[in-house]
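Letter by letter, the chains look like this.
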Amino acid sequence: MTGLTNGQIQERISLGQVNARDDVGTRSYKQILRKNILTFFNFLNLVLCVMVLAVGSIKNATFMGVILFNTVIGIIQEVRAKQTLDNLEILTEKRTVVLREGKKWKLATEKLVMDDIVCLKTGDQVPADATVIEGSLEVNESLLTGEADNLVKNVNDELYSGSFVTAGEAYCRIIHVGKDNYASKITSEVKEFKNHNSELRNSLNAILKIISIIIVPLGAILFYKQYVIIGDTLRNSVISTVAAVIGMIPEGLILLTSIALTLGAVRLAQKKTLVQELYCIETLARVDTICLDKTGTITSGTMQVEGVEPFWENSIDGIEEIMGNLMSVLNDSNATADALHRRFQKRRNLSLKQVIPFSSDRKFSGAVFENTGTYLIGAAQFLFPDGNEALFGKCKEYAQDGFRVLVLARSEEEMQDKQIPGNLSPIGLILLSDVIRKEAPDTLAYFYEQGVDIKVISGDDPTTVSCIAQKAGLRDPDKCIDATTLLTREDMEKAVRECNVFGRVTPNQKKEMVKILKAGGHTVAMTGDGVNDVLALKEADCSIAMAEGSDAAKNIANIVLLESDFSVMPDIVNQGRRVINNIRTAASMFLIKTIFSVFLAVLTIFFGDAYPFQPIQMSLISACAVGIPTFILAQENNYSRIDNTFLRHVFMNAFPAAITITGSVFTIMIVCSNVYHSLDMLNTACVLVTGWNYMAALKTVYNPLNRFRKIVIYGMQVSFFLAAVCFQRILALGALEFGMLIWVFILMTFSPLLIEVITARIKRMYQDSLDSGKPGRFISFVELLRR
């Protein structure tokens, strides 16, 4: 047996018969460039830039520098994140021993081709559908079916991708690759596109949708008013229109959101957590119900011996001696056998006559020793199929306490033809339990502190699951149910409302439970590791898979815990909170500029002669009052608890400053048009008042002010006025007459107070609406925008 030749391998590669994944973990470089460059607002900014260059105002095209800087930073950050995440995927890449041209090679499973011969042994995961051509195996298909029983696979038997080898060694020929694999077919429903539910993204999309609808018509009407109706020059009309449109564009908001999410993913990558959907970081921070799979989440997937109980008058020392001799001759490899090997010290003081290895047909193992008899280890119902009332009663008592009970039994007769020998009698009970992850109790306690409801869903016996959940710190573990008794939709809905532990749950039932929770208004997270979990993982708002689980579960999950360490969940929640809290305040600052620019454009159309800003002046305000401070402050570790009111809080923070700035600028417009008739004076006064009010808004939105925030805000305030003085000519700022200075001083004195008063009033209205249960007019308006 030599395996495929190089020529045969190349032929199959050319035919596409490669075991490649049909999904990609991260965006390609081409996709990153397209996403960051080819956007509606970038196209609009390019058109505006061409317009101001066409009328000969080069300095007013400098806003494109900010756009280019934002775009480059966005690309760099996303490329760095891609490289970090791709490196993590390489570190966790599965490899398989394959026979090619008479030699064994260790290759990534995605490089296998049709008809490759692979060597599988205990502990391996089957990389693709295959048939056994030499040797025999015992495999566990629980990740595919949810059933934990081992199955024997002999020559010509078929193996399914995703199953695990629990015993034996064999050469197997690949018969299906890629999407033709059994695991890929049964998860085809999961492959369908699902738009990840994110309030952050939905809210930002709602904002951008409204701006996109109004920005072009408003700009066109403003240009028509100034150029056609007022009769201003083409140059002035274009510059004023471009300034208004630039002010309406929240050019850095999406970039800042992407960077915040990307940095969150990179920070989690440092904790061995692979984020496959950026917005799921935010979603997990909003979760109010989390559904946990027992194995791999609460427990580590291993077992330990909790105790040894003699049966009748047998001694513990005698049991220790027998078990030590059995461990020296039994080479079974599974969670139970590993626990026994760790507990009992190997001994060789008995003369071995026959080994009885574990078999999925027999469900027990053991050995025959010279002059001593036969000793067998297994579950009571398999060793004593005809019953043993006293033994079964004792085992049931321990099982109710969450133990798995193995019986050590002895017979003076030898085992013949794989049949249980006669006169078999129990001599001891070995009590085993799942090893609960040491971090599980603290993690569950953390989620309870955050107001998150926890439900444990498993395919195991509900009594056992309940006991394990109780040890892990689950509240009310006695509220458990056997899912096989849930026959109707009404039964399922009632159980989901009332119970915390679910046993013997099928894959479709897991999915239905998640759907019921979501229908009840809950934001649901789901953990899982098997193919039988993928439907529920897809249905959940946020899905988390363990790296030790199936490829199907990891491919569909939003987050993969690369070290299967459930204790990193609080870190993921904190990163989501940091992103939401920081973006919520930053979005308020961006929306201030957008709202007052829209209001000013409307007021100019109806009451004014010219828009009171030039593009370069708006660039100064945007940089010092919005772009730079929000970018710096977005790095804060703000882990405060959040609610589902993102858009509401953004408008509540933005509206007071926006309406105040609008009122202040409109006041200056009226004064200038009736008294001074100077465009330079109008621009200068509006820039000073707007910049000052924007700085006041920074203090209000980012209240309470800590040392870091004060340094940033006051630093930007100083930078703004220094720039206004040092670059006065470039910014087209002129001198102010004494009367206008008085107006500017009055507005700069009282406008910040007005912002605080309006903010306090809106927050009071909001609180009153919460207390009364009836939304006020402002809240209703925001909810309408969100929908």
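Our subject is the structure listed above.
Just so we're clear, the structure is a prediction, and the values are computed from it rather than from any experiment.

Parameters and conventions
- Residues numbered from 1 in each chain as written.
- Predicted model: local features only at pLDDT ≥ 70, side-chain atom pairs only at ≥ 80, totals over all residues.
- Heavy atoms only, no water.
- Pairing = 2+ DSSP bridges.
- Helix = DSSP H or I, 4+ residues; strand = E, 2+ residues; numbered from the N terminus.
- Axes fitted to C-alpha atoms, helices over the stretch in contact; angles between N-to-C directions.
- Buried < 20%, exposed > 50% of the residue type's maximum accessible area, 1.4 Å probe, protein only.
- Polar contact = N/O pair within 3.5 Å; in protein donor to acceptor, adjacent residues only side chain to side chain.
- Expected span 1.5 Å × (residues − 1).
- Bend = angle between axes of the 7 residues up to and from the residue.
- Salt bridge = Lys/Arg side-chain N within 4 Å of Asp/Glu carboxyl O.
- Patch = residues over 30% accessible without salt bridge, like charges linked within 9 Å, V, L, I, M, F, W, Y side chains within 5 Å.
- Areas by Shrake-Rupley, 256 points an atom, 1.4 Å probe, with all protein chains shown as cover.
- Contact = heavy atoms within 4.5 Å.

K.L.:
Any chance you could explain the sheet that holds strand S21 (residues 559-561) here in plain terms?
P.N.:
In sheet architecture, strand pairing relies on hydrogen bonds along the backbone and comes in two forms, parallel and antiparallel. Reading across the sheet, the eight strands line up as S8-S21-S20-S19-S9-S16-S18-S17 and stay open at both edges, with mixed pairing between neighbours. Strands with a single pairing partner mark the edges of an open sheet, and in this sheet they are strand S8 (273-275) and strand S17 (480-482). Direction aside, the axes of adjacent strands within the sheet are offset by 20 degrees on average. Judged from the two bridges that link them, strand S16 (residues 453-457) and strand S18 (residues 501-503) form a sheet pairing that is parallel.

K.L.:
Quick question: what am I supposed to make of the pairing of strand S15 (residues 425-436) here?
P.N.:
The side chains of a regular strand alternate, first on one face of the sheet and then on the other. Counting buried residues along S15, nine of its 12 residues qualify, which places the element largely inside the surrounding structure. In this sheet, S15 lies alongside strand S10 (residues 299-310) in antiparallel orientation, the contact comprising eight bridges. When the sheet's bridge partners are listed, proline 310 is paired in S15 with glycine 428. One ladder, built from seven bridges, connects strand S14 (residues 404-411) with S15; its direction is antiparallel. Counterpart to alanine 409 in the pairing with S15 is proline 426.

K.L.:
Explanation requested: the side chain of asparagine 558 in the structure shown.
P.N.:
Tracing the backbone shows asparagine 558 in the loop between helix H21 (551-556) and S21. Residue classification places asparagine 558 among the buried residues on the basis of a relative accessible area of 11%. From its side chain, asparagine 558 meets the backbone nitrogen of serine 543 in a polar contact 2.9 Å long.

K.L.:
What exactly am I supposed to notice about helix H8 (residues 199-229) here?
P.N.:
An α-helix turns once per 3.6 residues; consequently, residues spaced three or four apart project the same way. Between its first and last C-alpha, H8 extends 44 Å over 31 residues, near the 45 Å set by a 1.5 Å rise per residue. At isoleucine 215, H8 is bent by approximately 30 degrees, the largest bend along its length, and proline proline 217 sits one to four residues beyond. Glycine 231 occupies a position one or two residues after H8 and carries a positive phi of about 85 degrees.

K.L.:
Please explain the pattern of salt bridges as it appears in this structure.
P.N.:
Within the structure shown, the criterion is met by 14 salt bridges. Taking the shortest distance from any N to any O, the salt bridge between aspartate 571 and lysine 271 comes out at 4.0 Å. With aspartate 571 in helix H22 (residues 569-607) and lysine 271 in the loop between helix H10 (253-269) and S8, the pair connects residues that are 300 residues apart, well separated along the chain. Of the residues examined, aspartate 571 reaches a relative accessible area of 26% and is grouped as partly exposed.

K.L.:
When you look at a nonpolar patch on the surface in this model, what are you seeing that I'm missing?
P.N.:
Together, Phe738, Leu741, Ile742, Phe745, Ile746, Phe750 and Leu753 line one region of the surface with nonpolar side chains, adding up to about 740 Å² of accessible area. Structurally, the position occupied by leucine 753 is in helix H27 (residues 738-772). With relative accessibility at 47%, the residue leucine 753 sits in the partly exposed group.

K.L.:
Help me understand the sheet that holds strand S12 (residues 364-369) in this model?
P.N.:
Pairing in this open sheet of six strands is antiparallel, and the strands run S10-S15-S14-S13-S12-S11 from one edge to the other. One side of each edge strand has no neighbouring strand; the edge strands of this open sheet are S10 and strand S11 (352-356). Neighbour to neighbour, the strand axes of the sheet diverge by 20 degrees on average, direction disregarded. Where helix H13 (residues 335-343) meets the sheet, it contacts S10, S14 and S15, and its direction lies at approximately 55 degrees from that of S10.

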